[in-house]
Amino acid sequence: MQKKVKYLIVGQGLVGTWLSYFLQERNISYAIVNDSNSPSATSVASGVMNPVTGRRIVQTWLIEEVLPFAVSSYEGFQEKTNSIIIQKAPVILIHPSQQMKDSFDYRLNHHNVFLRNNNALAWQSFFNTHFGTGEIDSCYWIDLVQFLQAGKRIIAENYIESKFEYKDLRFIEKGIEWENIIAEKIIFCDGVNSMHHPYFKSLPFTPNKGEALIVEIKGLPAKHIYKNNIAIVPWKENLFWVGSNFEWDFANTDPSSAFKQKMIDSLDSLLKIPYTIIDHLVGVRPANAERRPFVGLHPYYPQIGICNGMGTKGCSLAPYFTHQLVSHLEDKSPIHAEANVQRFPQLKVS
Ligand SMILES: Cc1cc2nc3c(=O)[nH]c(=O)nc-3n(C[C@H](O)[C@H](O)[C@H](O)COP(=O)(O)OP(=O)(O)OC[C@H]3O[C@@H](n4cnc5c(N)ncnc54)[C@H](O)[C@@H]3O)c2cc1C
């Protein structure tokens, strides 16, 4: 039997889940198709929202708008789903070198909103703190495993477990048809898979592979995120996510022994307490050359939309831009010019 909905969403990662959630909030009909066996960046990500970035510790793009919106959205989501998703988690910086300490000290005294000094003694029983410590405030940890599970519960009635294949998509007079679904629009939230679509393959995607170890570290407080050359992020009960790397040129998405060894070397020199490796995760970040998301409707095919390209900042950007996309689709409000996919008029089907 045919089912008519307003939107068909492809992909239930961070982006597809938020898009479904905001449509549901407004009682707008949708269906969401997701293939659990296709690669998902969300399921291996550490879930950190950090307002500063890079070696120079500068504020990230749009953070003053994006972060408060994301925090209140996750809080609303956890209330609705009766789950614990978001936790405030200051980043403890364990400076890896004198240069990084100097960089921190400089930023502390120049245009600083989020940094503060802390007491290195408090961390000395866990870490080697040769170059001292510092702290980043207003950081949050999102439990993405819980988020995806809770998301699946609330969208269950509209969820279809299936692999979307382009060859099965048909354009009809007022929208699209896929299997038994008729929709006014189809919105792609399928992460790196969008790179292969005929309609979006010319977007400047620059996917990068990232790996992480799941490590048991008994006794390490789980209310903070720890950063040195590596990040140590709470995962669940005595388990921590340890990573990561950014590989732009990769032949496969297998776990690599080189990465594992690098993490072991870093943990050995950083930690004063024992640890056990439990798992090794791999994902591919849907990053892009401009470091700005792709949001909106295709400039030539308005029945096709996309919300993608969140790169390393999916946790904070996804709620903000999926909400903006819903307002655009339903109320014709604008999409941020730097994120609007229509900034690529060269999008052509070949
Ligand atoms: C190692 C690592 C660490 C990271 N850490 C952080 C972090 O701390 N903070 C942060 O903000 N971001 C982080 N990121 C980035 C973050 O994970 C991404 O920005 C975000 O998850 C992207 O979400 P998405 O929904 O666009 O894509 P995805 O999560 O990849 O979701 C795509 C979905 O589409 C489905 N799919 C794909 N193809 C098909 C198909 N043909 N048919 C049906 N379904 C399909 C997939 O199964 C998946 O569910 C990290 C990424 C990695 C790899």
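Here the residue index of a chain counts from 1 through its sequence in written order. In keeping with the model being predicted, local features are shown solely for residues with a pLDDT of at least 70 and side-chain atom pairs are shown and tallied solely at 80 or more, while totals for entire chains, interfaces and linings include all residues. With hydrogens and water stripped out, all remaining heavy atoms of the structure feed into the side-chain values.

Draft legend 1. Just the overall build of the protein chain, in detail. Helix numbering and strand numbering both begin at the N terminus, where a helix is a DSSP run of H or I of at least 4 residues and a strand a DSSP run of E of at least 2. Helices and strands together make up the secondary structure of the protein chain, namely six helices and 21 strands. For this measure, only C-alpha atoms enter the radius of gyration; the expected value for a globule follows 2.2 Å times N^0.38, where N is the number of residues. Since a compact globule built from 350 residues should have a radius of gyration of about 20 Å, the 21 Å found for the protein chain is in line with a globular shape. Each principal axis of the C-alpha distribution contributes one length, and for the protein chain these read about 65 × 40 × 40 Å. Of the contacts made within the protein chain by residues no fewer than 6 positions apart, 74% connect residues no fewer than 24 positions apart. Element-wise, carbon and sulfur atoms account for 50% of the exposed surface of the protein chain, whose accessible area totals about 16400 Å². Contacts are assigned to residue pairs with any non-hydrogen atoms lying within 4.5 Å of each other. Accessible surface area values rest on a Shrake-Rupley calculation with a 1.4 Å probe, where residue burial reflects the displayed protein chains alone.

Draft legend 2. Layout of the domain arrangement of the protein chain. Note that the domain bounds were set by an automatic or database domain assignment. One can read the domain layout of the protein chain as domain 1 (3-44 + 146-205 + 289-343) and domain 2 (58-142 + 207-283). Spacing between the C-alpha centres of domain 1 and domain 2 amounts to 29 Å. In this complex, domain 1 contributes 31 residues to the contact, which on the side of domain 2 involves 24 residues. Carbon and sulfur atoms make up 75% of the surface buried where domain 1 meets domain 2, a total of about 2200 Å² over both sides. Taking the shortest distance from any N to any O, the salt bridge between K80 and E25 comes out at 3.1 Å. Whenever two N or O atoms come within 3.5 Å, that pair is a polar contact, provided that in protein one can donate a hydrogen and the other can accept it, and provided that, for residues adjacent in sequence, both atoms are side-chain atoms. Between domain 1 and domain 2 we count six residue pairs in polar contact (both at pLDDT 80 or more) in total. Examining the composition of the side of domain 1 that touches domain 2, we find that seven residues originate from one element, helix α6 (residues 314-331), more than from any other. When grouped by side-chain class, the residues that make up the side of domain 1 that touches domain 2 number 18 nonpolar, eight polar and five charged. Accessible surface is computed with a 1.4 Å probe, and the buried area is the amount of it that two parts give up when combined, taken over both parts together. Every case where a carboxyl oxygen of Asp or Glu lies within 4 Å of a side-chain nitrogen of Lys or Arg is listed as a salt bridge. Any residue outside Ala, Val, Leu, Ile, Met, Phe, Trp, Tyr, Cys, Pro, Asp, Glu, Lys and Arg is labelled polar, Gly included; the first ten of those are nonpolar and the last four are charged.

Draft legend 3. Expanded view of the packing of helix α1 (residues 14-25) against helix α2 (residues 63-81). Direction vectors running N to C along α1 and α2 enclose 70 degrees, while the axes themselves pass 12 Å from each other. By the criterion of interaxial angle, the relationship of α1 to α2 is roughly perpendicular. In contact with L14, T17, W18, Y21, F22 and E25 of α1, α2 contributes F69, S73, Y74, G76, F77 and K80. The class makeup of the residues in the contact of α1 with α2 is seven nonpolar, three polar and two charged. Axis definition: a line fit to C-alpha positions, over the contact stretch in the case of helices; interaxial angles, taken between N-to-C directions, run 0 to 180 degrees. Throughout this description, any angle smaller than 35 degrees is read as roughly parallel, any larger than 145 degrees as roughly antiparallel, any in the 65 to 115 degree range as roughly perpendicular, and the remainder as oblique.

Draft legend 4. Just unusual backbone geometry, in detail. Here the residue pair G243 and S244 is connected by a cis peptide bond, since its omega of -5 degrees sits within 30 degrees of zero. Looking at the element boundaries, S244 is found in the loop between β18 (239-243) and α5 (257-270). Residues other than glycine seldom take positive phi values, yet N27 does so here, at roughly 60 degrees. Tracing the sequence through the fold places N27 in the loop between α1 and β2 (30-34). Partly exposed residues are those whose accessible area sits between 20% and 50% of the maximum for their type, while under 20% is buried and over 50% is exposed, using a 1.4 Å probe and protein chains only. Classification of N27 as exposed rests on a relative accessible area of 74%. If you check the backbone angles, H111 has positive phi at about 50 degrees while not being a glycine.

Draft legend 5. Up close: the site of the ligand. One heavy atom suffices: a residue is near a molecule or strand as soon as one of its heavy atoms comes within 4 Å of it. The full set close to the ligand counts 36 residues, and N34, D35, T42, S46 and G311 are the nearest of them. Here N34 contributes a side-chain N or O atom positioned 2.8 Å from an oxygen atom of the ligand. A distance of 2.4 Å separates an oxygen atom of the ligand from a polar atom in the side chain of T42. In the complex, the protein chains occlude 96% of the 1000 Å² of accessible area that the ligand would expose alone. Looking at the shell around the ligand, the elements with two or more residues in it are α1, β19 (276-285) and α6. Taken together, the residues that form the shell around the ligand break down as 13 nonpolar, 18 polar and five charged.

Draft legend 6. Representation of the nonpolar core. Residue types Ala, Val, Leu, Ile, Met, Phe, Trp, Tyr and Cys, when buried and joined through side-chain atoms within 4.5 Å, form a set referred to as a nonpolar core. In terms of nonpolar packing, the biggest core is built from 70 residues, with W18, M49, Y74, F147 and F321 touching the most fellow members. A per-element tally of this core places α6 first, with eight residues. Residue contacts for W18: discarding those within four places in its chain leaves S73, Y74, F77, F147, A318, P319 and T322. V33, L169, I181 and I304 belong to the second largest nonpolar core, which has 24 residues in total.

Draft legend 7. Inspection of the sheet that holds strand β3 (residues 48-49) at higher detail. Spatially, the three strands line up as an open sheet ordered β3-β10-β6, and their pairing is antiparallel. Each having just a single partner strand, β3 and β6 (86-88) make up the two edges of the open sheet. Pairing geometry for β6 and strand β10 (residues 140-142), over three bridges, is antiparallel. The partner of I86 across the bridge, within β10, is I142. Any two strands are treated as partners once DSSP identifies two or more bridges connecting them.

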